[in-house]
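# Commentary on secondary and tertiary structure
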Amino acid sequence: MLESLPPLAPSVELIDVAELLLGPAKVAWKLIEKAELNADQIRAVALVAKPMEDAWKKLNGAAEPARGAVGGAAEAPPCLPKVGKLVRLLMVGGGGCGKTRIINRVLKPLLKAFYGERGVLTEASSNKAARLIGGKTLHAANKLMGTSSLRTVHLRIKKGEQKALARVYGELGAKILDEFSQTSAKLLHADAYRTTMARAALYSLQPDRYALPDQTWGALPVVCVSGDELQLPPVPFESSLLAPLEGASDEQKAGVAIFSNLTHVYRLTTQMRFDDPVLVSILDKMRTKGGARLTPSEWRALEATEAKSEADLQGTELWYQAAYVWSIVTMAMPIRSVLSARQAHATLFVIQAEDELLNPWAELQSLPPPLAAAAKRRVGEAALRHAN
């Protein structure tokens, strides 16, 4: 499957003080109009904007906020309080429904407007997903390494980390986590736990209550989780937020409990990325539980997309390529890299690397180092040879 997906840049729409003084609802509507959201997407935004508007009115009184002026300039509006649960939203939907657009063009600028420039942090489990929303990986945001233990006892913040994490998390009023289906339950738990530990002293929180519904993520006012439950799960699947919990660790169970306590779930259903009705119908059937039969015309349209000669691929040098088996992907990667470098008239650098498992199971810890290294190498080689 080839697909061209240019990323959506975050909105650079400037909001002046006079507009901010009108409150979150008015600012959200301006951003919605600028981003040209449809009715489906607007309803998702409303689940964030309405509680913020209620908190704004409570902070400023029932009457419209005063527009005082100093030297002819509008009075700077106060930020909303940065502690106290307002929103716990799970936003789900297939590719092309506008999740990234909502995050980048509306939610991020809205949250920054009322919690400050450093008041919102966007996260995802992978580098690519984090870059698409201008954020950090969950590991980087929490000062964790890929090899870090996610057991609660090892997640306690060290003295050297406390100041850095408190500086970041202390200023937050909101978090946005994307691609939840690719995030392990233990990693989500680690994020919620360390956020609470970093904010506990600043906001007089009780760390042992970090998993309670009104205390998750250090009682941040706004937490939005986004993704598609039919996307690829983390590796292994058993670590997923959606996996059965029989025999799971305490950290995984706690992560699933925190995820389950998200107050609202909104499913985006309007496909925006594609406007071909046949393609939209096929994609909808692909997501139908238990499967659905394509009509003869849909099947013919799908077969007509098969690339049968080199000429069929002209103009696709910068497209993404995906496949259902790893063996095809490994062949496609160097081919697509050469094509994109040629298109850009740039030098292509190829750097050899050796893959190995960095998180061996507990039994390997008891082996002598040479035997453990050999076992990791053998398992890594077998994983690379596997068809999937």
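This text follows the structure it describes.
Residues numbered from 1 in each chain as written. Predicted model: local features only at pLDDT ≥ 70, side-chain atom pairs only at ≥ 80, totals over all residues. Heavy atoms only, no water.

For the rest of this paragraph, the subject is the overall build of the protein chain. Looking only at helices and strands, the protein chain features 15 helices and ten strands. Residues counted as buried form 38% of the 388 residues belonging to the protein chain. Across the protein chain, the fraction of contacts at a sequence separation of at least 24, relative to all contacts at a separation of at least 6, is 72%. Counting every atom, the protein chain has about 22400 Å² of accessible surface; 58% of that belongs to carbon and sulfur. (Helix = DSSP H or I, 4+ residues; strand = E, 2+ residues; numbered from the N terminus. Buried < 20%, exposed > 50% of the residue type's maximum accessible area, 1.4 Å probe, protein only. Contact = heavy atoms within 4.5 Å. Areas by Shrake-Rupley, 256 points an atom, 1.4 Å probe, with all protein chains shown as cover.)

Taking burial as the measure, the five residues of strand β7 (residues 174-178) include five buried ones, the bulk of the element. What you see with β7 is no split at all: Ala 174, Ile 176 and Asp 178 on one side and Lys 175 and Leu 177 on the other are buried throughout. Note that strand β5 (residues 120-124) and β7 share five bridges and pair parallel. Looking at the pairing, Leu 121 lines up with Lys 175 of β7. Of the pairings in the sheet, the one linking β7 to strand β8 (residues 222-227) comprises four bridges and is parallel in character. In the strand pairing of β8, Lys 175 is matched with Val 223. (Pairing = 2+ DSSP bridges.)

Following the criterion strictly, the structure yields one cavity of 30 Å³ or more and no others. Roughly 40 Å³ of volume is contained in the largest cavity. If you trace the largest cavity, you find it lined by Ala 124, Leu 138, Leu 177, Asp 178, Phe 180, Thr 183, Leu 188 and Val 225. (1 Å grid on protein atoms, 1.4 Å probe; cavity = no way out; pocket = protein on both sides within 12 Å on 5 of 7 lines; lining within 4 Å. Points joined across faces, edges and corners; volume = space filled by probe spheres on them.)

A cluster of basic residues, Lys 136, Lys 143, Lys 163 and Arg 167, forms a positive patch at the surface. Mapped onto the elements of the fold, Arg 167 is located in helix α8 (residues 159-169). With relative accessibility at 44%, the residue Arg 167 sits in the partly exposed group. (Patch = residues over 30% accessible without salt bridge, like charges linked within 9 Å, V, L, I, M, F, W, Y side chains within 5 Å. Salt bridge = Lys/Arg side-chain N within 4 Å of Asp/Glu carboxyl O. Lys, Arg positive; Asp, Glu negative; His and termini not counted. Charge placed at Lys NZ, Arg CZ, Asp CG, Glu CD.)

Here we come to the nonpolar core. Within the largest apolar cluster, 35 residues are counted, with the highest numbers of intra-cluster contacts made by Val 48, Met 52, Ile 102, Leu 110, Leu 111, Phe 114 and Val 222. Secondary structure elements with two or more residues in this core: α2 (24-35), α3 (39-60), β4 (87-92), α4 (99-115), β7 and β8. Looking at which element gives the most residues to this core, the answer is α4, with eight residues. In this structure Leu 111 touches Val 48, Met 52, Gly 116, Val 120, Ala 174, Ile 176 and Val 222, once residues within four positions along its chain are discounted. Counting 33 residues, the second largest nonpolar core, distinct from the first, contains Ala 141, Leu 188, Trp 217 and Leu 262. (Core = buried A, V, L, I, M, F, W, Y, C linked by side-chain atoms within 4.5 Å.)

Turning next to the packing of aromatic side chains. By the definition in use, this model includes three aromatic pairs. Between Trp 56 and Phe 114, the aromatic rings sit 5.2 Å apart at their centres with planes inclined by 75 degrees, giving edge-to-face as the arrangement. Of this pair, Trp 56 sits in helix α3 while Phe 114 sits in helix α4, placing them 58 residues apart in sequence. By relative accessible area, which is 1% here, Trp 56 ends up buried. With centroids separated by 5.3 Å and ring planes inclined at 35 degrees, the aromatic side chains of Phe 180 and Phe 259 adopt a geometry described as tilted. Highlighted residues: Phe 180 in the loop between β7 and α9 (185-203) and Phe 259 in helix α11 (residues 250-260), separated in sequence by 79 residues. (Phe/Tyr/Trp six-rings, centres within 6.5 Å; stacked < 30°, edge-to-face > 60°.)

Turning our attention to unusual backbone geometry. Positive phi, close to 55 degrees, is recorded for Glu 36, a residue that is not glycine. Locating Glu 36 in the fold gives a position in the loop between α2 and α3. Its identity is not glycine, yet Ala 219 carries a phi of approximately 55 degrees, on the positive side. Along the polypeptide, Ala 219 turns up in helix α10 (residues 216-219).

Let us now look at a nonpolar patch on the surface. A cluster of nonpolar residues, Tyr 324, Ile 328, Met 331 and Ile 335, forms a patch on the protein surface that exposes about 470 Å² of accessible area. Take Tyr 324: it is sitting in the loop between β10 (320-321) and α14 (326-344). Its relative accessible area of 72% is what places Tyr 324 among the exposed residues.

Our next topic: the pattern of salt bridges. According to the stated counting rule, one finds ten salt bridges in the structure shown. Note that Asp 54 is salt-bridged to Lys 50, the shortest N-O span being 2.9 Å. Of this pair, Asp 54 and Lys 50 both sit in helix α3, four residues apart, which is roughly one turn of the helix. One salt bridge connects Glu 229 with Arg 267, and the closest N-O pair in it is separated by 3.0 Å. Here Glu 229, found in the loop between β8 and α11, pairs with Arg 267, found in strand β9 (residues 264-267); they are 38 residues apart in sequence, far enough to count as distant. The class of Glu 229 is partly exposed, set by a relative accessible area of 28%. Residue classification places Arg 267 among the partly exposed residues on the basis of a relative accessible area of 42%.

Look at α8 against α9: their axes get within 9 Å of each other, and the N-to-C directions meet at 90 degrees. Put simply, α8 runs roughly perpendicular to α9. Contacts between α8 and α9 pair Glu 161, Gln 162, Leu 165, Ala 166 and Tyr 169 from the former with Asp 191, Arg 194, Thr 195, Met 197, Ala 198, Arg 199 and Leu 202 from the latter. Grouping the constituent residues of the contact of α8 with α9 by class yields six nonpolar, two polar and four charged. (Axes fitted to C-alpha atoms, helices over the stretch in contact; angles between N-to-C directions. Parallel < 35°, antiparallel > 145°, perpendicular 65-115°, else oblique. Nonpolar A, V, L, I, M, F, W, Y, C, P; charged D, E, K, R; others polar.)

From the geometry alone we can't say anything about function, so treat these as descriptive.
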